[in-house]
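One letter stands for each residue in the lines below.
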2 protein chains.
Amino acid sequence: MSDAVVALAALAQNNRLDVFRFLVQAGREGAPAGMVAAGLDLPPNTLSFHFDRLRVAGLVTARREGRSIIYAAKYEQMNALIAFLTQNCCQGVQCTPAPVEGQARKRRKIPA
Amino acid sequence: MSDAVVALAALAQNNRLDVFRFLVQAGREGAPAGMVAAGLDLPPNTLSFHFDRLRVAGLVTARREGRSIIYAAKYEQMNALIAFLTQNCCQGVQCTPAPVEGQARKRRKIPA
DNA sequence: CTGTTATTTCGATAATCGTTGAATTATGGA
DNA sequence: TCCATAATTCAACGATTATCGAAATAACAG
């Protein structure tokens, strides 16, 4: 539960949210730190700091590959966060913001 | 878009997340500040600070009623946040964590 | 007006945050 | 070995945060 707060805090910062979005777009494979640095124009030490936050929050994984360190988004954790928000912060009320595609047509109310 | 960061930051704090959840449970009607203070055992000035954060983030509304001030969760904003996360932080990948109730049965793929 | 209840505002404080420059570690190539 | 590349760690900094006690404001009752 305080898990959620940590994850929220990790995403509640512009650069960090950008980093995470970048990694999401990079796919399961992930991307080396340097590529993220180049893509977002962030100095490597600042980036290291943010990566660490995301990692501690369980939102990304890190693995070494040659001299690069590859970071990858942890989709499961993101799903868990969204699930938490959906269940705890909209309770009872219609909330699920309609899946992006294939949403059901509104059903006509059946008269008594 | 930086809207999302503000909303995330507003929820990225234990007491504040509790406050928001309390208001969500209170329903559209909302609840007076004092009731939240009692329910969560928080000093009123600290609570004021947190209410303000949530209000600025667009996550709650405030209206005066007699001597009380009634705060209410803004479900639409929460939906918008969840929508943002669903679309921007899981892009392409299966992500929507299955609506709590009434979820559609999985459709059998139609063979060519 | 006076007093009471409900809440906010103000000033101060300790803690945490995001960024920076400089130094450091780790890997691989010549 | 020596050098270059990729990334992290460290110390410092100004800025923001969450909390507190005390004072102020708002609405109502007598």
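Details of the structure are given in the entry above.
Residues numbered from 1 in each chain as written. Chains lettered and ligands numbered in written order. Predicted model: local features only at pLDDT ≥ 70, side-chain atom pairs only at ≥ 80, totals over all residues.

Caption draft 1: Looking closely at the interface of chain A and chain B. Contact residues are listed per partner, giving 31 residues for chain A and 31 residues for chain B. Taken together, the elements giving at least two residues each to the side of chain A that touches chain B come down to helix H1 (2-11), helix H2 (14-26) and helix H5 (75-88) of chain A. Among the elements that line the side of chain A that touches chain B, the one with the most residues is H5(A), at 9 residues. Among the residues making up the side of chain A that touches chain B, the classes are represented as 20 nonpolar, 10 polar and 1 charged. (Contact = placed C-beta atoms within 7 Å. Helix = DSSP H or I, 4+ residues; strand = E, 2+ residues; numbered from the N terminus. Nonpolar A, V, L, I, M, F, W, Y, C, P; charged D, E, K, R; others polar.)

Caption draft 2: Molecular detail of the sheet that holds strand S1 (residues 31-32) of chain A. Residues and elements named next belong to chain A. Strand order in this open sheet of 3 strands is S1-S3-S2, and the pairing throughout is antiparallel. Each of the sheet's edge strands pairs with one partner strand only, and the pair in question is S1 and strand S2 (60-65). Bridge count for S1 against strand S3 (residues 68-73) is 2 bridges, and the pairing is antiparallel. Residue Ala31 lies in a different strand from S3, and its bridge partner there is Tyr71. (Pairing = 2+ DSSP bridges.)

Caption draft 3: The arrangement of the nonpolar core in detail. In this structure, A:Phe20, A:Leu59, B:Phe20 and B:Leu59 are the most contacted members of the largest nonpolar core, which totals 50 residues. Excluding anything up to four places from it in sequence, B:Leu59 contacts B:Ala7, B:Ala10, B:Phe20, B:Leu54, B:Ala73, B:Lys74, B:Gln77 and B:Met78. (Core = buried A, V, L, I, M, F, W, Y, C linked by C-beta atoms within 7 Å. Buried ≥ 20, exposed ≤ 12 C-beta atoms within 10 Å, placed from the backbone.)

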